[in-house]
Amino acid sequence: ILVRIKSFFVLLSKSELTAASSYFEEYTDKYSRMEIFIQQCKHIIKYGYPNEFYFLYGLDIKGMHCTDDYVDYSKFMNRRDFLNSKTPNSPTALLRNKFLFGMVAKALNIPTPNNIGIVEGGYLSPLGNNKKIKFEDYIKDNIIDTFLKTIDGECADGVYSLRINMGDISVNGECKTYDELCAILQNGKYLLQEKVTQHNVISKIYSNSINTIRLETVYNARTRKIEILPPLLRVGTGTNKVDNWAVGGLAIGIDVEHNQLCKYGFYKPSFGTKTAVHPDSGVVFEGYKIPFLQESIYLAKLFHSYMTEIHSIGWDIAITENGPCFIEGNDNWEISLVQICSHGLQKEFNELFV
C-alpha cells in the first residue's frame, strides 16, 4: 500500500508519465491527459508503479494497442531471473564475464572478436602468454584498433574505443596521454579486444559504431527446442562510438521473414521519439536488407543449445563481411525494447516463461 501511495505522488510530479511527446504523432485520435492519468493509476493499482513505457508502446493512441498485450517490466524481470537461476550451477557467469564468454565461443567454434589480453594494474596479460608486459610498452610498440571493456560491464559502461599507433593514443576519438588513459581506466580490470570490421551494408547505416543485432533466444522446456523472440538492430547516432540505446542510439525492428528492417527506429525518450530515416546517414530503414540474419539466428540457437540451464539469453551480434560475430550474451536482457520495436509479447511470455 505504501509503495502504491508513493507511486501516485510520483505520477503527479512527473509530467513525462502523463504528458510526454507521443511516439505516434501521425495519429490524431489520442487519449487526453486525464484519461492517461486514469490508465496510469490503474497500472499502479495492479503493479505498484506507473508504466514508464506507456508512450513508447503507443498506448496513448486510441484503438492502436492494448495494454494487456504488453508484458509488465517488473513481472518479466522477476520471472526471467527466476528461470535463469532455477537450475543449480547455472552457467550465467559465462555470459557476464566477457573474457570467459570469448573463451567458450571459441571452443564452440562460434565467431567472436579476437581477445588480445587482460589489462590490469598497468600491465597487459596477453592470451597464450604467461608473461605480463607493461601496458605502456605495448602501446609504444603496436599499431592496432581495439576496444577496452570492463570484464563485467553493461549498457556501454566501461567500454572505450582505443586506437594505438606506436605510442599515440586515441580514446573514443580523442587524443590522450598514457597518464590520461590510466586515469580513465582507474585501475580496473579490462579486456583488450580487437575491433570488429562490420559489413559494408551495416556500416552504411552508421559507420562510427559497431551496430549489432539484438536477438533473444528462449529454451522451451516442453519441446526442448530453442525459440526466438523478434530481433532488432541497434545503431549509433551523432558522434557515439557505441550503438547502445541508453546513450542515444536507435533501435529498429527486424522483419525475420524478409531479412529486412522495419519502418521505424526508436529513441530512448530523453533523446527523441522515432524516425524512419537515420539522422546522420540518411538511410531509409523500411525494407533495408540485413545480411546473414538467418545465419545469426542459427548460430544463436546453436550457442544456446549448449547452455540450456539458462532459460533465456539476449545476444549482441555484429555482422561482418564473413558472417555473424557474437559480441556478447546477456542473461539479464530487457523485454521492453523488444516490445517497442515489434509488438506486445504477453502471448509469447505466457507460452515460453512457464
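Up top you'll find the structure we're talking about.
Here's what I pulled together on the structure shown here. These numbers were taken from a predicted model, which means no experiment stands behind them.

What to know about the packing of aromatic side chains
Working step 1: Applying the stated criterion across every chain, the model contains 19 aromatic pairs.
Working step 2: Here the aromatic cluster, defined as three or more aromatic residues joined through ring pairs, consists of Y23, F24, Y264 and F266.
Working step 3: The residue whose ring lies beneath K195 is F147, and the NZ or CZ to ring-centre distance is 4.8 Å.
Working step 4: For K274, the ring lying beneath its charged end belongs to Y264, and the centroid distance is 4.5 Å.

A word on unusual backbone geometry
Working step 1: Residue N172 is not a glycine yet carries a positive backbone phi of 55°.
Working step 2: Residue position: N172 is located in the loop between β6 (168-171) and β7 (174-176).
Working step 3: A positive phi angle, near 60°, is found at F292, a position not held by glycine.
Working step 4: Within the secondary structure layout, F292 lies in the loop between β14 (274-275) and α9 (293-305).

Here's the deal with the sheet that holds strand β8 (residues 189-194)
Working step 1: Strand order in the open sheet formed by 8 strands is β3-β2-β1-β8-β4-β5-β6-β7, and the pairing between neighbours is antiparallel. Whereas interior strands pair on both sides, the edge strands pair on one side only; in this sheet they are β3 (133-134) and β7.
Working step 2: Two elements, strand β4 (residues 143-150) and strand β5 (residues 159-165), share 7 bridges in a ladder whose sense is antiparallel. Across the sheet, the residue bridging to I143 is N165, located in β5.
Working step 3: Strands β1 (115-120), β4 and β8 of the sheet are contacted by helix α5 (residues 98-107), whose axis makes an angle of about 160° with β1.

As for the nonpolar core
Working step 1: Counting 31 residues, the largest nonpolar core has I205, I213, L233, L261, F303, W315 and F326 as its most contacted members.
Working step 2: Elements supplying a minimum of two residues to this core: α5, β9 (212-220), β11 (232-235), β12 (250-255), α9 and β15 (312-320).
Working step 3: Among the elements that take part in this core, α9 stands out by supplying 5 residues, more than any other.
Working step 4: Those residues in contact with W315 that sit more than four places away from it in its chain are F101, I213, R214, L215, T217, A300, F303, H304, M307, F326, E328 and G329.
Working step 5: Core analysis: the next-biggest nonpolar cluster, separate from the first, contains 30 residues, Y23, F24, V71 and A251 among them.

Here we look at the layout of surface pockets
Working step 1: In this structure, the second largest pocket occupies an estimated 400 Å³ of space.
Working step 2: Lining the second largest pocket are 23 residues; nearest its centre among them are Q39, H43, Y47, N51 and T67.
Working step 3: The element contributing the most residues to the lining of the second largest pocket is helix α2 (residues 33-47), with 8 residues.
Working step 4: Taken together, the residues of the lining of the second largest pocket sort by class into 11 nonpolar, 6 polar and 6 charged.

Observations concerning α9
Working step 1: Taking 1.5 Å per residue, 13 residues should reach 18 Å; α9 reaches 18 Å between its end C-alpha atoms and fits that length.
Working step 2: Taken together, the buried positions of α9 are L293, S296, I297, L299, A300, F303 and H304.
Working step 3: In this structure, the buried side of α9 is in contact with α5, β9, β10 (225-228), β12, β15 and β16 (323-330).

Here's the deal with a negative patch on the surface
Working step 1: Judged by side-chain charge, E136, D137, D141, D179 and E180 come together as a negatively charged surface patch.
Working step 2: Of all the elements in the fold, those that place two or more residues in the negative patch are α6 (135-141) and α7 (178-185).
Working step 3: Overall, E180 belongs to the partly exposed group, its relative accessible area being 38%.

Points about the pattern of salt bridges
Working step 1: Applying the stated criterion to the full structure yields 10 salt bridges.
Working step 2: Put simply, E26 and K274 hold a salt bridge, and the shortest N to O gap is 2.9 Å. Of this pair, E26 sits in the loop between α1 (2-13) and α2 while K274 sits in strand β14, and the two are 248 residues apart along the sequence.
Working step 3: A relative accessible area of 16% places K274 in the buried class.
Working step 4: Here K98 and E328 are joined by a salt bridge, their closest N and O atoms 3.8 Å apart. Pair noted here: K98 is in helix α5 and E328 is in strand β16, with a separation of 230 residues, a long-range link. The residues K98 and E328 share a single accessibility class, namely buried.

Structural notes on the pairing of β1
Working step 1: Across the 6 residues of β1, 5 count as buried, placing the element largely inside the fold.
Working step 2: The pairing of β1 with β8 spans 5 bridges and is classified as antiparallel. In the strand pairing of β8, V119 is matched with Y190.
Working step 3: Sheet topology note: the β1/strand β2 (residues 123-126) ladder contains 4 bridges and is antiparallel. Its bridge partner being in β2, G117 is matched across the sheet by P126.
Working step 4: A loop of 2 residues connects β1 with β2, the two strands running antiparallel in sequence, and G121 in this loop sits at a positive phi of about 60°.

What counts, and where the lines are drawn
- Residues numbered from 1 in each chain as written.
- Predicted model: local features only at pLDDT ≥ 70, side-chain atom pairs only at ≥ 80, totals over all residues.
- Heavy atoms only, no water.
- Phe/Tyr/Trp six-rings, centres within 6.5 Å; stacked < 30°, edge-to-face > 60°.
- Lys NZ or Arg CZ within 6 Å of the ring centre and 35° of its normal.
- Helix = DSSP H or I, 4+ residues; strand = E, 2+ residues; numbered from the N terminus.
- Pairing = 2+ DSSP bridges.
- Contact = heavy atoms within 4.5 Å.
- Axes fitted to C-alpha atoms, helices over the stretch in contact; angles between N-to-C directions.
- Core = buried A, V, L, I, M, F, W, Y, C linked by side-chain atoms within 4.5 Å.
- Buried < 20%, exposed > 50% of the residue type's maximum accessible area, 1.4 Å probe, protein only.
- 1 Å grid on protein atoms, 1.4 Å probe; cavity = no way out; pocket = protein on both sides within 12 Å on 5 of 7 lines; lining within 4 Å.
- Points joined across faces, edges and corners; volume = space filled by probe spheres on them.
- Nonpolar A, V, L, I, M, F, W, Y, C, P; charged D, E, K, R; others polar.
- Expected span 1.5 Å × (residues − 1).
- Patch = residues over 30% accessible without salt bridge, like charges linked within 9 Å, V, L, I, M, F, W, Y side chains within 5 Å.
- Areas by Shrake-Rupley, 256 points an atom, 1.4 Å probe, with all protein chains shown as cover.
- Salt bridge = Lys/Arg side-chain N within 4 Å of Asp/Glu carboxyl O.
- Lys, Arg positive; Asp, Glu negative; His and termini not counted.
- Charge placed at Lys NZ, Arg CZ, Asp CG, Glu CD.

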